[in-house]
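Analysis of the macromolecular model
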Amino acid sequence: MNTVKRFNFKKLPEAGIERFRHMKIRFKLAFSYIAAVAIFILVLSSFYYFKTGSYIKNQTSRMLHQTVKQAKSLIDYKVGLYNNLANTIYVNTSLQDTLFNEYTHPFDRLEPRESILGYILPLKSNYSDISKLSLIVSNHTVPEYGENILIEKNIKTESWYLKAAPAGDNIQWSVSSGIHNNEPLFMTKKLKHRDFDSYLGFLKIEFNPHTFFSGLDHVEINDAGWFDITDNYGNAIYSGLANDSTEFTKKMFEGYKADLYGNKRSAVITIDREDFMAYCDTIEYTGWNIIYTIPLKQYSNAITDLRLTTVIVILLCIVLFIAISWLMASGFTSRITELSRSMKKIQVGNFDVHVSSNSDDEVGSLINGFNKMAVRLKRLVQEVYEIKIKEKEAELIALQAQINPHFLYNTLASISWLGMRNGCNDVTKISNSLAKFYKLALNKGKSNIRARDELEHVKAYMSIQNIRFSGKINMVFSIDESIMDMIVPKLILQPFIENSIIHGIWKNKSTITIRLVVKRQGDKVVWKIIDDGVGMDSSKINMMKKNDGNSARGYGVINVDQRLKLYYGDSYGASLFSKPGIGTVVSVVIPYQCK
């Protein structure tokens, strides 16, 4: 039955923490900076992002309020101007007398007509907003004249009269039902005689709304907004929309009035699936409503644009902070990185390191401490190296000190003399070779010797061994003459030749050939001791490499290798290869040094 391995989400935080733990400190610092700054920016920008809507709404509402206030002041000014004009006509006593008198004779009617026209026509020409200025007279003896003097009883059935006729003594502003833009706007004022308080008729001033409200074009408004002026019934007195918007204005007013006829002056209205924001106020003396409207999509577009700008600025800030954080983290950790590289160099034995620092902060103190540690460590390693060399030299000197050179030379000379006197040539030969052997080995207490003397020491040793083994050892030399005067540590060949003799001529081996080959290879000199003895197996070779000094034979081979490494380094020394039945090859590698 197959089983589905479920992913353990609980391990995700642990994996993230583990991965963070193994990051380089540069990435940790950069990540920390970026995380801290990103959280701050996101919190601040989120607050700003969600506050932009209310901020723009409040700003829009204030703008609408200021715009309506400015437009209202303009209309109030005009309404006040024409109210003053109406009151001026109302108190004109001459006009009152003219309208009050009876004119029974036809010739008497010419004078009141000229008097009335001479007064009102100049007034009309002085005010560009006035399209008609009429006196509606109750005295039917006053002669009619065109649209300027009308007898009231003759017009009572007309629709405009029913709307515009004054209901009281106050000035009344009104419009006819359904009028829009260029349809007439009326202002009426009842006229009375000063002495008799009798009704004389009324004053009617007719305006072109487009001209009357033309000042609204100069009011600073939003490009997408417009003004509407309505009466209390929602009839459009004026609309700033370019098209015939009577029906639209009516719908808009009906939608507004639920909110705008209380203390609330701003509202969001939906008309034909489109939202609008409006601010409304009432014009003094007239009772009209002045409404400034903008499509809500303008408000929404402003919010969208501002929020888009906010997002772009946030992204740019985050990118900028990532770059700055990375540069700062790299700058902070560059010295730590250099310190880490230098520590790795010390681990492989390179103590010639120095990390520069011009700062006294914690990292600077760490670097200064590291530099001092590296210098001290180098000195300690050098001291240990020198102690090792002196220890090996002391061992060699101790071996040499066990032999009294003068006593040894005198004894060997005596043996040689006795051999000559008694005709024992082998005794004379071996004593002379032994004297030469020890003279070169002791080398007056010096640890270095010329290569030619080292070779003479080998030849003296082989002469002694050939006498001992009755000529069974054949020694062949192949020497590069260019190395004869170079300085080498003494006793670097004899232990290996001794090892070839000891391990090579046993097991009924009648003879053994030992070849000593010395060649210069670039800046190195390779010494090879090659024998055709019985050879050694791997266990015996390993035993020789692990010799702890208890065996004099193995100890001499290990001693040479260690001495060479101490003198020249780990890349130099001795290596051994052997195979049973074939023989043994020992390679000694040292640097070429003339002096």
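Residues numbered from 1 in each chain as written. Predicted model: local features only at pLDDT ≥ 70, side-chain atom pairs only at ≥ 80, totals over all residues. Heavy atoms only, no water.

**Describing the confidence of the model for the chain**
Keep in mind that low pLDDT regions are not for reading the predicted coordinates in detail. Confidence in the prediction of the chain, expressed as mean pLDDT, is 75, and 71% of residues score 70 or more. Counting contacts from residues 1–5, a segment whose pLDDT is below 50, to residues more than four positions away or on other chains yields zero contacts. Overall, residues 548–552 carries pLDDT values under 50, and its contacts beyond four positions in sequence, including any with other chains, amount to one contact. (pLDDT = per-residue confidence, 0-100. Contact = heavy atoms within 4.5 Å.)

**Overview of the environment of Asn208**
Tracing the sequence through the fold places Asn208 in the loop between strand E5 (199–207) and helix H6 (209–212). Separated by 77 residues in sequence, Asn208 and Ser131 place their C-alpha atoms 6.2 Å apart. One polar contact links the side chain of Asn208 to the main-chain amide nitrogen of His210, over a distance of 3.0 Å. (Helix = DSSP H or I, 4+ residues; strand = E, 2+ residues; numbered from the N terminus. Polar contact = N/O pair within 3.5 Å; in protein donor to acceptor, adjacent residues only side chain to side chain.)

**A word on the nonpolar core**
The biggest cluster of nonpolar side chains holds 48 residues, and the ones touching the most others in it are Ile75, Trp173, Leu185, Phe207, Phe212, Phe213 and Trp288. Ranked by the residues each element gives to this core, the list is headed by helix H2 (residues 25–90), at nine residues. Residues contacting Phe213, with those up to four places away along its chain left out, are Ile75, Leu185, Ile229, Ile237, Tyr238 and Trp288. The next biggest cluster of nonpolar side chains, apart from the first, holds 37 residues, and it includes Leu455, Ile492, Tyr568 and Ile590. (Core = buried A, V, L, I, M, F, W, Y, C linked by side-chain atoms within 4.5 Å. Buried < 20%, exposed > 50% of the residue type's maximum accessible area, 1.4 Å probe, protein only.)

**A short note on the environment of Asn289**
For Asn289, the location among the structural elements is in strand E10 (residues 289–295). Judged by relative accessible area, which is 2%, Asn289 ranks as buried. Each C-alpha atom, one on Asn289 and one on Ile237, is 9.5 Å from the other, the two residues being 52 residues apart in sequence.

**Here's the deal with the sheet that holds strand E9 (residues 274–282)**
The strand order across the open sheet built from five strands is E7-E6-E10-E9-E8, with neighbouring strands paired in antiparallel fashion. With one partner strand each, in any of the chains shown, strand E7 (236–239) and strand E8 (266–271) form the two edges of the open sheet. Within this sheet the neighbouring strands show an average axis-to-axis angle of 25°, counted without direction. Taken together, the seven bridges between E9 and E10 define a ladder with antiparallel strand orientation. Across the sheet, the residue bridging to Tyr279 is Tyr292, located in E10. (Pairing = 2+ DSSP bridges. Axes fitted to C-alpha atoms, helices over the stretch in contact; angles between N-to-C directions.)

**Some details on the sheet that holds strand E1 (residues 130–137)**
As summarised here, the arrangement of the five strands in space is E2-E1-E5-E4-E3, forming an open sheet in which the pairing is mixed. With one partner strand each, in any of the chains shown, strand E2 (149–151) and strand E3 (172–175) form the two edges of the open sheet. Strand-to-strand twist of the sheet, defined as the mean angle between neighbouring strand axes without regard to direction, takes the value 25°. One ladder, built from eight bridges, connects strand E4 (residues 185–192) with E5; its direction is antiparallel. Its bridge partner lying in E5, Lys190 is registered against Phe202. Along the sheet, helix H3 (residues 93–100) makes contact with E1, E4 and E5, crossing E5 at roughly 115°. Of the strands in this sheet, E1 and E2 touch helix H4 (residues 110–126), which is tilted by about 150° from E1.

**Quick look at unusual backbone geometry**
You will see that Leu491, though not glycine, has its phi angle at about 60°, which is positive. Relative to the elements of secondary structure, Leu491 occurs in the loop between strand E13 (487–489) and helix H13 (494–504). We classify Leu491 as buried; its relative accessible area is 15%.

**A look at H4**
With 17 residues, H4 extends 25 Å between its outermost C-alpha atoms, agreeing within 8% with the 24 Å of an ideal straight helix rising 1.5 Å per residue. Among the residues making up H4, those that are buried are Pro112, Ile116, Leu117, Ile120 and Leu123. (Expected span 1.5 Å × (residues − 1).)

**Focus: the pattern of salt bridges**
Any two side chains of opposite charge can pair if their charged atoms end up close together. In this structure the tally under the stated criterion is 14 salt bridges. In this structure, Asp197 and Lys192 form a salt bridge, with 3.9 Å as the shortest nitrogen-oxygen distance. With relative accessibility at 19%, the residue Lys192 sits in the buried group. As a salt-bridge pair, Lys565 and Asp561 come within 3.0 Å of each other at their nearest N and O atoms. Of the two residues, Lys565 and Asp561 both sit in helix H15 (residues 552–568), four residues apart, roughly one turn of that helix. In this structure Lys565 comes out as partly exposed when scored by relative accessible area, which is 28%. (Salt bridge = Lys/Arg side-chain N within 4 Å of Asp/Glu carboxyl O.)

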